[in-house]
Amino acid sequence: MYFAIIGEDVADSLPLRLAVRPAHLQRLETLNSEGRLLLAGPFPVLQENTAPTTFSGSLIVADFDSLEACQHWANADPYVAAGVYAQVTIKPFKKVFPE
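Below: a short report on this structure. Computed from a prediction, not measured in an experiment: that's the story for all the values here.

**Looking at the overall build of the chain**
Part 1 of the reasoning: In terms of helices and strands, the chain carries three helices and four strands.
Part 2 of the reasoning: In sequence order, the secondary structure elements of the chain are arranged as β-α-β-β-α-α-β.
Part 3 of the reasoning: Taking 13 Å as the expected radius of gyration for a compact globule of 99 residues, we find that the chain reaches 14 Å, a close match to that expectation.
Part 4 of the reasoning: Dimensions of the chain, computed from the C-alpha atoms along their principal axes, are close to 40 × 30 × 25 Å.

Structure below.
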């Protein structure tokens, strides 16, 4: 079953994000190579007339055997360990489109 993992960043998270980003991306690459990753990416903070320079959080949608397995995976994320995320929410996700 798919689960949405929504991480909400602490204030001024960019230095923390950059420090552990390679390890975070490696875990996503593993999910992707296993065919379990539907999508992943950050939520950019948009400021008027400028390109995004920071992020407010991230979304990962991936296939896990159970909510508990997803929670275990999310808890081990480098962004959690480094304090990038102030909060992580996990919700079951039903993919409808595209088929």
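**So, the packing of aromatic side chains**
Part 1 of the reasoning: For the structure on display, the rule yields two aromatic pairs.
Part 2 of the reasoning: Seen in terms of ring centroids, F64 and W73 are 5.8 Å apart; in terms of plane orientation they differ by 50°. Their pairing is tilted. Comparing F64 with W73, the two get one shared label, buried.
Part 3 of the reasoning: Here the basic side chain of R27 rests over the ring of W73, its NZ or CZ set 4.0 Å away from the ring centre.
Part 4 of the reasoning: Across the ring face of F64, the terminal group of R36 is positioned such that the distance to the ring centre comes to 4.9 Å.

**As for the side chain of S58**
Part 1 of the reasoning: Considering the arrangement of structural elements, one finds S58 in strand β3 (residues 55–63).
Part 2 of the reasoning: Judged by its relative accessible area of 5%, S58 falls in the buried class.
Part 3 of the reasoning: At a separation of 3.2 Å, a polar atom in the side chain of S58 contacts the side chain of Y85.
Part 4 of the reasoning: For S58, the residues in contact, after removing those within four places along its chain, are I5, I6, G7, R17, G41, P42, F43, Y79 and Y85.

**A short note on helix α1 (residues 14–33)**
Part 1 of the reasoning: For α1, which comprises 20 residues, the first-to-last C-alpha distance of 27 Å matches the rise-based estimate of 28 Å (1.5 Å per residue) to within 8%.
Part 2 of the reasoning: At V20, α1 shows its strongest bend, of approximately 60°, with the proline P22 following within four residues.
Part 3 of the reasoning: Among the residues of α1, those classed as buried are R17, V20, H24, R27, L28 and L31.
Part 4 of the reasoning: Next to the buried residues of α1 lie β1 (2–9), β2 (37–44), β3, α2 (67–75), α3 (78–81) and β4 (85–93).
Part 5 of the reasoning: In the stretch just after α1, G35 is the one whose phi turns positive, near 75°.

**Considering the sheet that holds β3**
Part 1 of the reasoning: Taken in spatial order, the four strands line up as β2-β3-β1-β4 in an open sheet, and their pairing is antiparallel. Here the strands that pair on one side only, and so sit at the sheet edges, are β2 and β4. Across the sheet, the mean angle separating the axes of adjacent strands is 15° when strand polarity is ignored.
Part 2 of the reasoning: Across the sheet, α1 lies against β1, β2, β3 and β4, angled at about 10° from β3, the strand it touches most.

**A short note on the pattern of salt bridges**
Part 1 of the reasoning: Within the structure shown, the criterion is met by three salt bridges.
Part 2 of the reasoning: One salt bridge in this structure joins D77 and R27, with 3.5 Å as the shortest N-O distance. In this pair, D77 sits in the loop between α2 and α3 while R27 sits in helix α1, placing the two residues 50 residues apart along the sequence. Like D77, the residue R27 is buried in the burial classification.
Part 3 of the reasoning: Taking the shortest distance from any N to any O, the salt bridge between E34 and R36 comes out at 2.7 Å.
Part 4 of the reasoning: Accessibility expressed as a relative area gives 45% for E34, which makes it partly exposed.
Part 5 of the reasoning: Taking the relative accessible area as the measure of exposure, R36 reaches 25% and is therefore partly exposed.

The rules behind the values
Every residue gets a number counted from 1 within its own chain, in the order that chain's sequence is written. Where totals are concerned, whole chains, interfaces and linings use all residues; where local detail is concerned, this predicted model gives features only for residues with pLDDT of at least 70, and gives and counts side-chain atom pairs only at 80 or more. Only hydrogens and water are removed before side-chain values are computed, so all heavy atoms of the structure are retained for them. Secondary structure elements are defined from DSSP: runs of H or I of at least 4 residues count as helices, runs of E of at least 2 residues count as strands, and each element is numbered from the N terminus. Atoms considered for the radius of gyration are the C-alpha atoms alone. The globule rule reads 2.2 Å times the number of residues to the power 0.38. Each pair of aromatic rings taken from Phe, Tyr and Trp, with Trp reduced to its six-membered ring, is defined by centres within 6.5 Å and is described as stacked if the planes are under 30 degrees apart, edge-to-face if over 60, and tilted in the remaining cases. Classification of residues uses two cut-offs on accessible area relative to the type maximum, computed with a 1.4 Å probe and protein chains only: under 20% is buried, over 50% is exposed, and between them is partly exposed. To sit over a ring, a charge needs its Lys NZ or Arg CZ within 6 Å of the ring centre and within 35 degrees of the ring normal. Polar contacts, as counted here, are pairs of nitrogen or oxygen atoms within 3.5 Å of one another; within protein the pair requires one atom able to donate a hydrogen and one able to accept it, and residues that are adjacent in sequence qualify only if both atoms are side-chain atoms. Here, two residues are considered to be in contact whenever any of their heavy atoms come within 4.5 Å of each other. One fewer than the residue count of a helix, multiplied by 1.5 Å, yields its expected span. Each residue is assigned a bend, namely the angle between axes fitted to the seven residues that terminate at it and the seven residues that start at it. A pair of strands counts as paired when DSSP detects no fewer than two bridges linking them. Angular values range over 0 to 180 degrees, each being the angle between N-to-C directions of two axes fitted as lines to C-alpha atoms, with helices fitted over their stretch in contact. Criterion for a salt bridge: a side-chain nitrogen of Lys or Arg within 4 Å of a carboxyl oxygen of Asp or Glu.

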